[in-house]
Amino acid sequence: MSTETRKLDRVVIRFAGDSGDGMQLTGDRFTSEAAAFGNDLATQPNFPAEIRAPQGTLPGVSSFQLHFADYDILTPGDRPDVLVAMNPAALKANVVDLPDGGILIVNTDEFSKRNLTKVGYDSNPLEDDSLERFQVHKVAMATLTIGALEETGLGKKDAERAKNMFALGLLSWMYHRPTEGTERFLREKFAKKPDIAEANVLAFRAGFYYGETTEAFAVTYEVAPAKLNVGTYRQITGNTATAYGIVAAGQLSKLPIVLGTYPITPASDILHELSKHKNFDITTVQAEDEIAGIGIALGASYGGAIGVTSTSGPGIALKSETIGLGVMTELPLLVIDVQRGGPSTGLPTKTEQADLLQAMFGRNGESPVPIVAPQSPSDCFDAVVDATRIALKYRTPVLFLSDGAIANGSEPWMIPDVETLPDLTVEFATDPENFQPYSRDPETLARPWAVPGTPGLQHRIGGLEKQDITGNISYDPENHDKMVRLRQAKIDGIEVPDVVVEDPDGNAKVLVVGWGSSYGPIGAAARRVRKLGLPVAHAHLRHLNPFPKNLGDVLKSYEKVIVPEMNLGQLALLLRAKYLVDAVSYTKVQGLPFKAEELQDVLADVIKGVSA
Amino acid sequence: MTAIDIGLPGLTGVPTTDEKQTARDYKSDQEVRWCPGCGDYIVLNTMQSFLPSLGLKRENIVFVSGIGCSSRFPYYMNTYGMHSIHGRAPAIATGLAVARPDLSVWVVTGDGDALSIGGNHLIHTLRRNVNLKILLFNNRIYGLTKGQYSPTSEPGKVTKSTPIGSVDHPFNPVSLALGAEASFVGRALDSDKAGLTSVLRQAAEHRGSALVEIYQNCPIFNDGAFDVLKDADEAQRRIIHVVDGEPIRFGREGEYCVVREGFGLAVAKSADVDASDIVVHDASDLNLSFALSRLSTQDLTHTVTGVFRRADRTTYDDGVRAQVDEAKASKAADLSKLLHGKDTWTVVG
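The shown structure was predicted, so the numbers you read here are calculated from the model rather than taken from an experiment.

Draft legend 1. Spatial organisation of the overall build of chain B. Looking only at helices and strands, chain B features eleven helices and twelve strands. For 349 residues, the compact-globule estimate of 2.2 N^0.38 gives 20 Å, and chain B sits close to it at 23 Å. If you line up chain B on its principal axes, its C-alpha atoms span 95 × 50 × 45 Å. Within the span of chain B, comprising 349 residues, buried residues form 48% of the whole. The long-range share in chain B, meaning contacts at least 24 apart out of those at least 6 apart in sequence, stands at 65%.

Following this line, the structure appears as structure tokens:
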């Protein structure tokens, strides 16, 4: 029987299974296949905070969603078109997101009475009519995998573990994906265990051939390569792009990097990545705690390196006092906050944008710091280079607000030509003639960076209030007032690019303003409402402090301003306070990114309200 | 920066000068603002007198402190200095030492700063063996906050925060440091300039973390805490000064000595024991150093001074630098190659 091949412009696939089933790896491999094929793509892993929650339970479900298309896409997709469920828990946790008519591929081997009971199924959904709205494919993946590996001599348990590769093989066949990359990857990954490598390759092929030879699948699908801008691309996650941006900043400034940090989800991958690149004069110190991490970074900055610390919201809370010391001593410092759900320990593996006000105000005293937020996984690279530019030029700690969604999500990245990257070189103070530790550059208001070891510039700095110019301890009321205002003026005067408004129709009355990782869903929603004939303008802020100089005028040139955020309206609060605009908040804090569809509805309602 | 080996492992890499230095060169232009009679003055003077003998370039010396009375120290030294935040000086100094092998980095801290709010950083710095010299001014009280008990105050201590007496059990800072496997631990009295100078010198020469506990009198909130050690007669009976390689005797004409007892050590009259039973100090023996630290009692019936432990162990900062140097030597820093990674694809027009 010949299968029919349908052409699609985009597909969203979600792999879901137990956290021990290797779903992240499976998703990752399918992503690489899509990238190698030339599709545009965006991914969203979703996994529990527990490393191995009890097997087969709802809390133990791990999933990986991948959106790939033949055009430029902005999000990992709202809902899957295809759901691969490796067990009843994965089915139960994810099937609510599958639209009617969606493709559901189920590993039937796990649907025992015991496993069904464990997640509260009274009857087997594969046997009753509860799934009739979907195109269900029941595949005994474990049995088929074990069968395919029979001749390898591998034990049943080891063989069964390769069933995720069976699923990958089947999906690769269904979507006409190239397979060489995955086979090569498996052989490299398990280079030290050739029998396991071979087993995984065999399972992968078994899945592929299963699709080809059985008659269960009448249709296969093709998604053509996307027409992306000319250039060389790779796939990259936000955390990797952040780490690469830090490496680049060191090279562009010709300064060593010292990362002082403490492991924390979802930021640890930045430490893992940077620790591999010592050849770029990068030192990574895994400190005893968050406070030591930033202390080490600040100490290194004092010594003339670029001090960097990476953490998530709870870590920022612990680092606040040292950030304040960085503000007072006016030293460069890069503080990476990969935000997660809060407060307290909150939702470690889920995303949120609720640290904006902590970044802005979370210190004692008047303690202003610049804030930079990347808008997508690949944008982390440029954004962190820019954050370092600010830290070096203005001698200040800079808060970089990434979040769980872009940190772990991935997308294609057009690799920049390193020759085009900005020059970040700085001048250290060296001239003892009239040297004053707290004199200021008239343009930037930055003080000299006078590092220990420089003859004749011996001086003392610290957290006590400084006398203007000399930097000596001063409790003088007028001086304190002056210094507070000077520190504020320095941050307020930081040069940041104007915000660019995207309004292709040019006649929008409604402006949607976002920041950080919501760029994708807001941008996708804006495209959708425009297609419905409803004009909307979109401004996305990378610089949250100071705001771009044109922001006030931009806000005031629209009848209505709406601000979607994954918090309870933190940016909206700042915009209302600073610009006296009646910005309307749309908020959601579910630990998951916005869906383009829901924002489409929100925007459409607002636009219709304004037009009416 | 020029790396110059001056034969003192702790200072390898720190540039020296032929210019003659005096104590005056190390005094900053800032007015010293400790209370009259504070032990900190003596320590400051001792440090300013001692540093010229190292012959280092002054700009390559850095003092980093936390918060507390003693932490004002850097302001008075004409070197580089940072008065940082409460308890965090060891962390900040670690970052500086890791980044800059050409600096001689000193940490000045107190019993509250190092052992209470900064206890975690202290033990981890010692465990890692970062090349820092940590001077712990122990006055057994919180001075800057005006007189609350500290982690080294004696049980029952009546203070503003413990009107009917503290129920806290105190740290023995030397035991704590040795428990963290510090590679160098010493103790001296603020008033003993020669003894303090000797310990400071050995600390400076040592490559690795050196913790020096300095008994320091607070004349305002805990006056006389160490007076029994400053009375000539009492001191003879109480202070056990140890020197590496020498039998441990103390008192007039070596009246007393230290002998083994069970798993630890005890004080005996030299006349009552065989000379061969007198313990010979071995600063490389961690167990012996620890046992010596236990001879020091909170009530100062006995206290041990000198260098408890001095052992060679790779320092953290040398270790991480070696990894970076090796990586730099074996792999070019090719940014473009890094950004490309293994899997790329090209879109052509």
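Draft legend 2. Structural view of the interface of chain B and chain A. Listed per partner, the contact involves 52 residues of chain B and 58 residues of chain A. Counting only elements with at least two residues in the side of chain B that touches chain A, the list comes to β2 (80–83), α2 (89–99), α4 (119–128), α10 (316–330), α11 (335–340) and β12 (345–347) of chain B. Per-element tally for the side of chain B that touches chain A: the top contributor is α2 of chain B, with eight residues. For the side of chain B that touches chain A, the class distribution of residues is 24 nonpolar, 20 polar and eight charged. Note that strand β9 (residues 231–237) of chain A and β12 of chain B share three bridges and pair antiparallel.

Draft legend 3. Spotlight on the environment of A35 of chain A. Topologically, A35 of chain A is positioned in helix α1 (residues 23–37). On a C-alpha basis, the gap between A35 of chain A and E411 of chain A in space is 8.7 Å, while along the polypeptide they are 376 residues apart. Non-local contacts of A35 of chain A, meaning those with residues more than four positions away in its chain, are made with L41, Q235 and P412 of chain A together with D343 and W345 of chain B.

Draft legend 4. Geometry of the sheet that holds strand β3 (residues 40–46) of chain A. All names here are of chain A. Strands sit in the order β3-β4-β2-β5-β6-β7 across an open sheet of six strands; the sheet is mixed. The two strands at the open ends of the sheet, each matched to only one other strand, are β3 and β7 (135–139). Neighbour-to-neighbour, the strand axes of the sheet open up by a mean angle of 15 degrees, direction not taken into account. With five bridges joining them, strand β6 (residues 103–107) and β7 adopt parallel strand pairing. Looking at β7, one finds that L104 is bridged to V136. α1 rests against β2 (10–18), β3 and β4 (61–69) of the sheet, and its axis sits at about 10 degrees to β4.

Draft legend 5. Representation of the domain arrangement of chain A. All names here are of chain A. As far as domains go, chain A holds domain 1 (4–223), domain 2 (234–420) and domain 3 (501–611). Domain 2 and domain 3 are separated by 26 Å when their C-alpha centres are compared. Elements with a contribution of two residues or more to the side of domain 2 that touches domain 3: α13 (356–361), β14 (371–372), β15 (397–403) and α15 (404–408). No other element matches the three residues that α13 contributes to the side of domain 2 that touches domain 3. Here the side of domain 2 that touches domain 3 is composed, by residue class, of 16 nonpolar, five polar and three charged.

Draft legend 6. Here's a closer look at unusual backbone geometry. Residues and elements named next belong to chain A. Going from T265 to P266, the amide bond is cis rather than trans, its omega being 0 degrees. For P266, the position within the fold is in the loop between β10 (257–261) and α10 (268–274). Cis peptide bonds are those with omega within 30 degrees of zero, and the linkage from G342 to P343 qualifies with 5 degrees. Following the sequence through the fold, P343 ends up in the loop between β13 (333–339) and α13.

Draft legend 7. Local environment of the sheet that holds β12 of chain B. Read from one edge to the other, the open sheet built from three strands follows the order β16(A)-β9(A)-β12(B), with strand pairing classed as antiparallel. Among the strands making up the open sheet, the edge pair consists of β16 (410–414) of chain A together with β12 of chain B. The average angle at which neighbouring strand axes cross in this sheet is 40 degrees, direction not considered. Against the sheet, α1 of chain A touches β9 and β16 of chain A together with β12 of chain B, its axis set at about 170 degrees to β9 of chain A.

Draft legend 8. Local environment of the packing of helix α6 (residues 163–174) of chain A against helix α8 (residues 194–213) of chain A. Residue and element names in this part refer to chain A. At a minimum axis separation of 6 Å, α6 and α8 run at an interaxial angle of 40 degrees. Here α6 lies oblique to α8, going by the angle between them. Relative to α8, α6 is oriented so that their crossing is right-handed. Counting all contacts with α6, which are made through K163, M165, F166, A167, L168, G169, L170, S172, W173 and M174, the residues of α8 involved are N200, A203, F204, R205, A206, G207, F208, Y210, G211 and E212. Of the residues contributing to the contact of α6 with α8, the split by class is twelve nonpolar, five polar and three charged.

Draft legend 9. Layout of α6 of chain A. All names here are of chain A. The terminal C-alpha atoms of α6, which comprises twelve residues, lie 17 Å apart, in line with the 16 Å expected from a rise of 1.5 Å per residue. Counting buried residues along α6, twelve of its twelve residues qualify, which places the element largely inside the surrounding structure. Taken residue by residue, α6 has K163, N164, M165, F166, A167, L168, G169, L170, L171, S172, W173 and M174 as its buried positions. Directly after α6, the chain includes H176, whose backbone phi takes a positive value near 55 degrees.

Draft legend 10. Geometry of the nonpolar core. Counting 259 residues, the largest nonpolar core has F400 of chain A together with L96 and V212 of chain B as the members making the most contacts within it. Looking at this core, the element that brings in the most residues is helix α14 (residues 379–394) of chain A, giving ten residues. Grouped together as the second largest cluster of nonpolar side chains are six residues, C38, I141, Y142 and Y149 of chain B included.

Draft legend 11. Expanded view of the UniProt feature "domain: Thiamine pyrophosphate enzyme TPP-binding" (unreviewed entry) in chain B. In this numbering, the UniProt entry assigns the feature "domain: Thiamine pyrophosphate enzyme TPP-binding" (unreviewed entry) to residues 67–214 of chain B. In residues 67–214 of chain B, helix accounts for 32% and strand for 19%; the two terminal C-alpha atoms are 17 Å from one another.

Draft legend 12. Focus on the domain arrangement of chain B. All names here are of chain B. Domain assignment breaks chain B into domain 1 (9–225 + 315–340) and domain 2 (239–313). The centre of domain 1, based on its C-alpha atoms, is set 26 Å off from the matching centre of domain 2. Counting residues at the interface gives 21 residues for domain 1, matched by 16 residues for domain 2. Among the elements of the structure, α5 (173–179), β5 (184–189) and α6 (193–205) are those that each provide at least two residues to the side of domain 1 that touches domain 2. The biggest single contributor to the side of domain 1 that touches domain 2 is β5, with six residues. For the side of domain 1 that touches domain 2, the class distribution of residues is nine nonpolar, nine polar and three charged.

Draft legend 13. Geometry of the pairing of β4 of chain A. Residues and elements named next belong to chain A. By the criterion of burial, β4 is predominantly enclosed, with nine of the nine residues buried. By the alternation rule, side chains of β4 split into V61, S63, Q65, H67 and A69 and S62, F64, L66 and F68, which are all buried. Two elements, β2 and β4, share nine bridges in a ladder whose sense is antiparallel. Bridge pairing in β4 places D18 opposite V61. Strand direction decides the pairing type here: β3 and β4, joined by seven bridges, are antiparallel. Its bridge partner lying in β4, Q44 is registered against Q65.

About the criteria used
Residues numbered from 1 in each chain as written. Chains lettered and ligands numbered in written order. Predicted model: local features only at pLDDT ≥ 70, side-chain atom pairs only at ≥ 80, totals over all residues. Helix = DSSP H or I, 4+ residues; strand = E, 2+ residues; numbered from the N terminus. Rg over C-alpha atoms; globule rule 2.2 N^0.38 Å. Buried ≥ 20, exposed ≤ 12 C-beta atoms within 10 Å, placed from the backbone. Contact = placed C-beta atoms within 7 Å. Nonpolar A, V, L, I, M, F, W, Y, C, P; charged D, E, K, R; others polar. Pairing = 2+ DSSP bridges. Axes fitted to C-alpha atoms, helices over the stretch in contact; angles between N-to-C directions. Domains from an automatic or database assignment. Parallel < 35°, antiparallel > 145°, perpendicular 65-115°, else oblique. Left-handed = near helix turned anticlockwise from the far one by under 90°. Expected span 1.5 Å × (residues − 1). Core = buried A, V, L, I, M, F, W, Y, C linked by C-beta atoms within 7 Å. UniProt positions renumbered as here; feature names shortened; annotations may be inferred.

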